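The lines below spell out each chain.
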Amino acid sequence: DAVKETTTAILNVSADGLTIIGLSTSNSINRPTSITALQTITFAAGTLKITKDSSSPVEQIFTPANGVLLGHWKFEAKNENLQLAKVTFTVRAGDGGSGTTQSGNFGTLYLKDGSTTLATGSIVSNDVVFSGLNLTIPASGSKILSLYSDLTGSGTQSPGTLAVWTIKSDTT
């Protein structure tokens with residue numbers, strides 16, 4: 001979970017701290033007779049929220065093919081623009097266990113922003129790390145990033161295995 005720091009600043013104008021005189025008339029106007037709060041501004045650190053996007057496939061049966069969609073993830077920034085520098089995906093057994101899956105079923109993996117390939121990688125110890133990214137996630141906005149894979153050919157795949165892809169960590 002992100003650390004949230006919030007600071008609030010209130011600008012006050014004291015009754016005797018303001019003098020207003022008309023440029024063409026030289027008339028002065030009535031100033032506030034007491035302290036007047038003008039505007040409250042809240043400052044907070046940027047936060048990143050990552051969720052599986054609703055457009056992600058729920059369940060798929062894979063056969064050997066290139067460029068197979070594994071899922072979509074929504075990256076949402078709050079309070080300021082955020083730069084995504086690195087994201088690590090992990091694959092685990094999809095049978096509800098926390099064990100490993102047959103990572104040999106997956107060849108090259110691709111991280112995409114729409115049709116643009118941001119990075120490629122391979123599975124090492126059930127993780128694939130995409131680093132060297134310079135992706136801006138706009139404040140109060142989001143980006144949908146997608147994970148694709150070239151699935152290995154017959155003889156390499158382990159039939160009947162289940163795999164679940166999740167985000168292990170990110171660096172902004």
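Residues numbered from 1 in each chain as written. Predicted model: local features only at pLDDT ≥ 70, side-chain atom pairs only at ≥ 80, totals over all residues. Heavy atoms only, no water.

**A look at the nonpolar core**
In this structure, F89, L109, F130, L147 and W165 are the most contacted members of the largest nonpolar core, which totals 24 residues. Where this core is concerned, the elements lending two or more residues are β4 (68–78), β5 (82–93), β6 (106–113), β8 (127–137) and β9 (141–151). (Core = buried A, V, L, I, M, F, W, Y, C linked by side-chain atoms within 4.5 Å. Buried < 20%, exposed > 50% of the residue type's maximum accessible area, 1.4 Å probe, protein only. Helix = DSSP H or I, 4+ residues; strand = E, 2+ residues; numbered from the N terminus.)

**Side note on the pattern of salt bridges**
Taken as a whole, this structure holds 2 salt bridges when the rule is applied. Salt-bridge contacts for D113 lead to K143; the nearest nitrogen and oxygen are separated by 3.2 Å. You can see D113 sitting in strand β6 and its partner K143 sitting in strand β9, a full 30 residues away along the chain. (Salt bridge = Lys/Arg side-chain N within 4 Å of Asp/Glu carboxyl O.)

**Notes on the sheet that holds β4**
Judged by pairing direction, the sheet is antiparallel, and its 5 strands sit side by side in the order β3-β4-β9-β6-β7 without closing on themselves. Each end of this open sheet is capped by a strand with a single partner; those strands are β3 (47–52) and β7 (116–121). Neighbouring strand axes in the sheet, compared pairwise and without regard to direction, differ in orientation by 25° on average. In this structure, β6 lies alongside β9, joined through 6 bridges in antiparallel fashion. Bridge assignment links L111 to a residue of β9, and that residue is L147. (Pairing = 2+ DSSP bridges. Axes fitted to C-alpha atoms, helices over the stretch in contact; angles between N-to-C directions.)

**As for the pairing of β4**
The buried count for β4 comes to 8 of 11 residues, which makes it a mostly enclosed element. Bridge count between β4 and β9: 8 bridges; the pairing is antiparallel. For W73, the partnering residue across the bridge sits in β9 and is L145.

**Structural notes on the packing of aromatic side chains**
Applying the stated criterion to the full structure yields 2 aromatic pairs. For the pair W73 and F89, a centre-to-centre distance of 4.9 Å together with 65° between the ring planes defines the contact as edge-to-face. Taken together, the residues span a long stretch of sequence, with W73 in strand β4 and F89 in strand β5 at a distance of 16 residues. Note on accessibility: W73 and F89 belong to one class, buried. For the pair F89 and F130, a centre-to-centre distance of 6.1 Å together with 75° between the ring planes defines the contact as edge-to-face. Of this pair, F89 sits in strand β5 while F130 is found in strand β8, placing the two residues 41 residues apart along the sequence. Owing to a relative accessible area of 0%, F89 belongs among the buried residues under this scheme. An aromatic cluster is present here, built from W73, F89 and F130 joined pairwise through their rings. (Phe/Tyr/Trp six-rings, centres within 6.5 Å; stacked < 30°, edge-to-face > 60°.)

**Overview of unusual backbone geometry**
Notably, N126 is not glycine yet its phi reads approximately 70°, a positive angle. By the secondary structure assignment, N126 is in the loop between β7 and β8. Relative accessible area serves as the criterion here: at 14%, N126 is assigned to the buried category. The residue S140 is not glycine, and still its phi comes out positive at about 55°. When you line up the elements, S140 lands in the loop between β8 and β9.

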